[in-house]
Each structure stands twice: as structure tokens, then as C-alpha cells.
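Given next are the chains, with one letter for each unit.
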Amino acid sequence: MFLKSENFATVIRQIGQRINFLMKFNLSILLFFISILIGQQNQFAGSEACSSCHPDQYDSWKKSTHGNAGGTPNKERILAPFDGQKIELKNGWFIPFKENNRYYFRSQENGFPEKKYEVFGVVGGGHLYGGGTQSYFGLFPDGTMRLLPFDYNPERKIWFFESNNLSGWLPASKNISPRQMSEWPPNRALGTLEEKQNCQQCHGSQIITRFELSKGKYETNFTDLSINCESCHGPAKEHLEIMKFGKTIIKGYTGIKSLTTLNKEESVNLCAQCHALKDVIRPGYLPGMDFENYFSIKFSMLGDNPYHPDGRVKAFGYQQNHIFSDCYLNGSMTCIDCHNPHSNSYQDINRDPLVGRFDNGQCTSCHASIAENISNHTFHNTNSIGSQCTSCHMPFQQHQAVGNQIKFARADHTISIPRPDIDKKLGITNACSQCHAELSNNEISNQIKSWYGKLKPLHPLESALLSFNDGNHSNSDMIKLIGNNQDPTPQVFAGLAAAFMSDNANQDSKLYINQLMNLSNNKDLDIKSLALAYLDMMGPGNPLLSTFTIDILSKSGKDQSKIRTRWSIALAYKAQDLSNKRLYYDGIELYKKALTIWPKNDRARRGLASIYLSINDIENAITIYGEIIKSNQLDWQAWASLANAQAINEQNDIALEAYMRSLEINTYNSSAHLGIGNILYKVKKYVLAEKHLIKSIELDQSMTDAYIYLAAIQIKRQDFKMATSYLNQGLILKPNHEIGNMMKDELDKLDE
């Protein structure tokens, strides 16, 4: 259907009018599944419903960081001065102001129209010791709530921005332009969306953002922007109904899962719903669902690994790296052994309250012998900072991705041993230097050795990763990265991920393959899946490997779906890496493998189409986009991508139809308007082209090519002043735009 050519004039007349029976049929199916999701979301009751039976826990939560994590804007919650004062920037300005008890930003980048954003949501309250912030969300015409670029630091009482050029977080000043802001124009949506930059579901409770077909736009739903009771305990409506009768009919069943019976992995994963860097398997997660069906907390190591070899945060991360700690690996320590889950205050392993975050009771409730005479262990005065366990083993580290201008330090949850030489190698300020800045690294290292002798060695996998990061990639170095099933799971996955993503991944070694086969029996789903993906990648020409991987998968029982999705995603990661290195044909083969394992992996299918476009194989790209549409007639992005490929192939009539289909589904799709404008310009339908191009930049101010085409239309009309205005806007967005600069040179000649 989408490859069928039609009369071009007929296609233009049909824009916005055609929805066929097949689309209606797909709509009814998708609406059915959305109704299921809405039904699941309706099983949540809100924290107020818990207060009558659990008043102590509710009161503790109400005063906690979680209870005050965010919400609607009001004078009690807003920390920043919305006082109408203009804040000047380089090439722009913004004004936070209040009007009729509502909060707004006015802003402008020089050369572009002024914008006004209302604040609909507030996240953060400056609570965190190492540097707290407050962020603001606006509601946009397409139904998404998006992070606004204006952040506030209450400690220093300054506005700041996240930069898009690796400069970190920067205070608002005349030295920074809107073009340097990562959220300018606002683009990061609240909730988990595969097709957009997003904040996932951490900054609020029961957040579901989904495309609402009947409205032709997104719908953002949540219970609250605080972290409520059901964020941890799961949906409570059934529990409320059962407990109305005072006791249960089925012994032990209360309609809600008890969290007191969780093992350490389950307990830490509960917190990892938010306090971890996660890779999305599929959207739609709500508390109480099977977390591993929706997220992986280790697959982030396949991309830009956020951790150093010993698990400490390299650039930006959360508390998930606790799983690298000895206290977790060789003990039973979970998050709630230190943090009270209701009050967010501090407690020891016996659940006895502690004075605060630096109370040694967090550690000495397990390490009791140290408590008898703590200075014998610390070599510092008993009441000094140097005798606080956290000073040496959980020092606050500024996250490197943030930079150094805005304080954002977080305690090291790997609970590390001070190792000055390794810290220096990794570019980390070691714990001792935070107090003793006057001492050299050698002096600190020698002092530690004189006190403690030979330090406990790193785990062999951590040492192997350090060596690998130093450039040691020989066959023997690669084998050292592959752990075994008795090794700690975080280190095993880190080593396996480094080997899998390396340029020397294909090791033709019986020992290497045997170690991977061994790991494919690991109980950890992420390790098992990655090992199978690795064997699959090495499989061509080796039927024994193919037979082995299929056999392992067939024995996976209820976990088969989780393994297949992860296996496929791992291959797609590697395929993308090969594509980035211009090893296109190797990438194509891995994308095809990924789709064999999980045919519904649209991430892989889109990646495959992208590679075909890169090698100018337009016909195959069109075929792949057609396959995506065949599986989901309502995928508006796929329709737009199909149209782009058809337009490159100069199939303008059917490309226009595909763009039309995209807009029928999502009326806020700026790229479809740009594509239609492009085609109409080529066939000299300038009036219609102009309308679509203007609509494109109304929906998305960053559509560079729309400005360039609009400039070209004005040149055709001999309106050189307007052409220059559009052209300047386009070149602000993309200064090195080749055609735009050629047009500018010609316009400049006319002015001479």
C-alpha cells in the first residue's frame, strides 16, 4: 500500500482526510491494550488512603524527602525567586515571574520569537546534602510534560543550566547562550517513552506517558510528583478493599506484597526502580509489575559505561553502584540497613535510629570490634571527622558530568577502601585528600601502607578492567575479562560488557568460548543474556554454538521472554557501535541477528534502516520501515521515516502520502510537516510548502532545514529581507549548514 504510486494532485487533496479500515482495526486493538494499562493505573489509591491504618508510617513519610520530592507549584514548594527580574544571557534572556498565583517563565533567544512557559510541575526541594536542586516542568501542546531549561540551586541561590557541550552545569550569566542549554528548546519528557528523550518514571509516582490515539497527541498521567507509598508497596486498592472487613479470608493474603520478606537482591532492586541508571526494555512499567520485564539495571554498561572498574561513578549515576560493595556482595547489606524507607532518616541494621548520615552506627552495628576503640582503626582522634567511617569509605564525590561550578556531590555507595594510586589513575579525588589537600599522593599512599600494611587487593575482574582500560587488549587480556559463575555479578557483567563491545570481541579460542558457555548458565538474567548474545555473535560457521544457545534458551522457562529481549538489545548495542565505526555490513548482520531473536525489537529495526540509508541502499531502508508499519500501522514515526526514505528516492507522491499518514496519527509531528514542505517546495507549490514549514517550526523551534527552505521560498519571491531573517535563524541552529552558508554568501553579495 505504501509503495503504490498515486496521482500527485490527488494525494495533495487527500492530506489530513484518509484513515482506512486497517488503521481503524489497529486503533481498536491498541485502544484495548491502553485500556488494560489504564485499568492497572486505576489500582493505585494514593498515600492519603494509607494514613488511617498506618498513621505513624504516613506521618514519617509526609515529612520525608520522598514525601516532599515534588508536586504542583505553590509558594511553599517553589524555592526560586519568581520575582519578574530579567536575567540576561549571551544572545538571550529569561524572566521567572508569578501571575495570579501561577508561575511562568518568559524567555527569548535573539533572532527567535519570545516564548512563555507555565510551570505545571516542580521536582526537587534542595534536600540533598551534597548539593540539592529544583527543576520545573511545563505542559506542551502535544500533551507531554517537559523539563524546562531553567534549574535552581537553593544553596547558592542561583539559576543554572545543563549544558549540551560537555561543560556540565553552568550558572546563568552573560557568558552562556540558550544554544548551549541541553533543554533548549525543551525536549525531555516526563515518563518513559521510547521515541523521545525522557526522564523515565523516577521523578514522581505512577507516571505513565503514552500516545493517546483518539486525541492525536500524548497524555501524561501520574498520581503525584512526590514519591508516594505505592511507589514501593505497589497498588493498594485491593488491599484497602480486603482490609475494610478487618481481617483476611485467605490467611496471609492482604492484597499487597509484604516488603519485609524480600531477599537482598529484591530489596535493592526495589530502590533501583529510581536510584539506578536503567536501560528500557519496554515502556509501561508501574510499581508492582515485574521490574525485569521493563528495565535492566546493568545494560547501561554496554553503552558509555557510567562506572569505573571498581563500580564508582565515572560521570553521572545514582546509588545503584552499592551492588559493587563488599557489604552487599559478601554480606547482606541493603539500602534499608542504613536508610529508613518511611522517614528517609538514618538507621542501623537493627532498625535503631541514628543521629544522622555521619553516625558510625551505620557501620559498627556490623563491625562491632571497630566500635570498641575506633581510633585504633582510623588513626585519628575519636571525635574527629577522620574517625567517621563515611569520611574514608563513603566520601562525597562531585559527579564529573556535572562539572565543578554547581555542587552535586554524592556519597560513594561502593563503600570503597582508600587506594590513592588507583584514585589518581582514575582521576578521582581520594578520600584522604579531601581533608589533607596539602599532602601529595605519594605521601598519602605511604601513610596508608604504614598504618594498614598491604591493602586488600581488587577483585581480579576489576584489575582486568583497569588493565583493559589502559589499552591491554591481547588474547590473554580479553580472557581475563570473562569471569565465572562464582564471581560477583556486577563485576562479571562489567567485564563481559567490556569484552563484548571491544574491537577484539571475536576471540577464536576454545577457552574463551567455554567461559562464555559457562556464563550462559548464570542465574543473573543480564549476564546470561549477554553471554548468549556474545556466543550468537561468534556463531557463524559454528553450528555447535547455535545448537547450544537454542538449547539454553529452550530451558529458560518463564524467563525466556526476558532473556530474548536482552539478548536482542545487546546485539543491537553492538550493531550500533559497529555502525558508528562505519563497519556497516558487520552492523547489518548483527541487527538481523537481533531481529531473529526478538522480531519486535523496533530499536534494532530502525537501526538497520538507518544503516541502509548510510550506505545509500534506499530500497532496503524503505522495506524495513514498511515492516515496522506492517507490525504497527499507527507508528507515526515509522510513517515519517518511510516518507523520508521515499523522498530521498525521489518517490515524492507516495512519500507525501506517508507523511500524511504520520500526521493523521500525530498532528503535532513537526518532522512530517517539514517533509511535506520539502516536497511541495521541490514541485514549486510554494504557498502550501510555506504553511507546512511554518507549522514545523511552530511545533519545534529547532527544525533547521525548515528555516533554510523558508529562506529559499522568500528568495523565489525576491523578499531578501525576510529570506535573510529565516536564514539567520537556521544558521544560529546549525552554523555549518552547507546550503545555508552558500545562500548567505549569495544574499551578502546582493547587499554589496
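Our subject in this report is the structure included herewith.

Quick notes on the rules
- Residues numbered from 1 in each chain as written.
- Predicted model: local features only at pLDDT ≥ 70, side-chain atom pairs only at ≥ 80, totals over all residues.
- Heavy atoms only, no water.
- Helix = DSSP H or I, 4+ residues; strand = E, 2+ residues; numbered from the N terminus.
- Buried < 20%, exposed > 50% of the residue type's maximum accessible area, 1.4 Å probe, protein only.
- Arc of directions from axis to C-beta.
- Contact = heavy atoms within 4.5 Å.
- Polar contact = N/O pair within 3.5 Å; in protein donor to acceptor, adjacent residues only side chain to side chain.
- Salt bridge = Lys/Arg side-chain N within 4 Å of Asp/Glu carboxyl O.
- Pairing = 2+ DSSP bridges.
- Axes fitted to C-alpha atoms, helices over the stretch in contact; angles between N-to-C directions.

1. Examining unusual backbone geometry
Logical step 1: A cis geometry characterises the amide bond from Trp184 onward to Pro185, with omega recorded as -10°.
Logical step 2: With respect to the element layout, Pro185 can be found in the loop between strand 11 (169-171) and strand 12 (208-212).
Logical step 3: Even without being a glycine, Asn100 presents a positive backbone phi close to 55°.
Logical step 4: Note on placement: Asn100 falls in the loop between strand 3 (92-99) and strand 4 (102-109).
Logical step 5: Backbone geometry at Gln200 places phi at a positive 55°, although glycine is not the residue there.
Logical step 6: Counting through the fold element by element, Gln200 comes out in the loop between strand 11 and strand 12.

2. Remarks on helix 17 (residues 510-519)
Logical step 1: Taken together, the buried positions of helix 17 are occupied by Tyr512, Ile513, Gln515, Leu516 and Leu519. What you see down the axis of helix 17 is that its buried residues fit within an arc of 160°, all on one side.
Logical step 2: Looking at the packing, one finds that the buried side of helix 17 touches helix 15 (475-480), helix 16 (489-501), helix 18 (525-537) and helix 19 (543-554).
Logical step 3: Taking the backbone nitrogen of Leu511 as reference, a side-chain oxygen 3.3 Å away marks Ser509 as the first, capping residue of helix 17.

3. Re the pattern of salt bridges
Logical step 1: What the rule picks out here adds up to 35 salt bridges.
Logical step 2: One salt bridge connects Asp279 with Arg603, and the closest N-O pair in it is separated by 3.6 Å. With Asp279 in strand 14 (residues 279-280) and Arg603 in helix 22 (residues 602-614), the pair connects residues that are 324 residues apart, well separated along the chain.
Logical step 3: Salt bridges here are not isolated pairs; linked through shared partners, they connect Asp290, Lys558, Asp559 and Lys562.

4. Some remarks on the sheet that holds strand 4
Logical step 1: Strand order in the open sheet made by the four strands is 2-3-4-5, with antiparallel pairing throughout. Strands with a single pairing partner mark the edges of an open sheet, and in this sheet they are strand 2 (87-89) and strand 5 (115-118). Mean inter-strand twist for the sheet, computed between neighbouring axes without regard to direction, equals 20°.

All quantities given are derived from atomic positions and should not be read as evidence of function.
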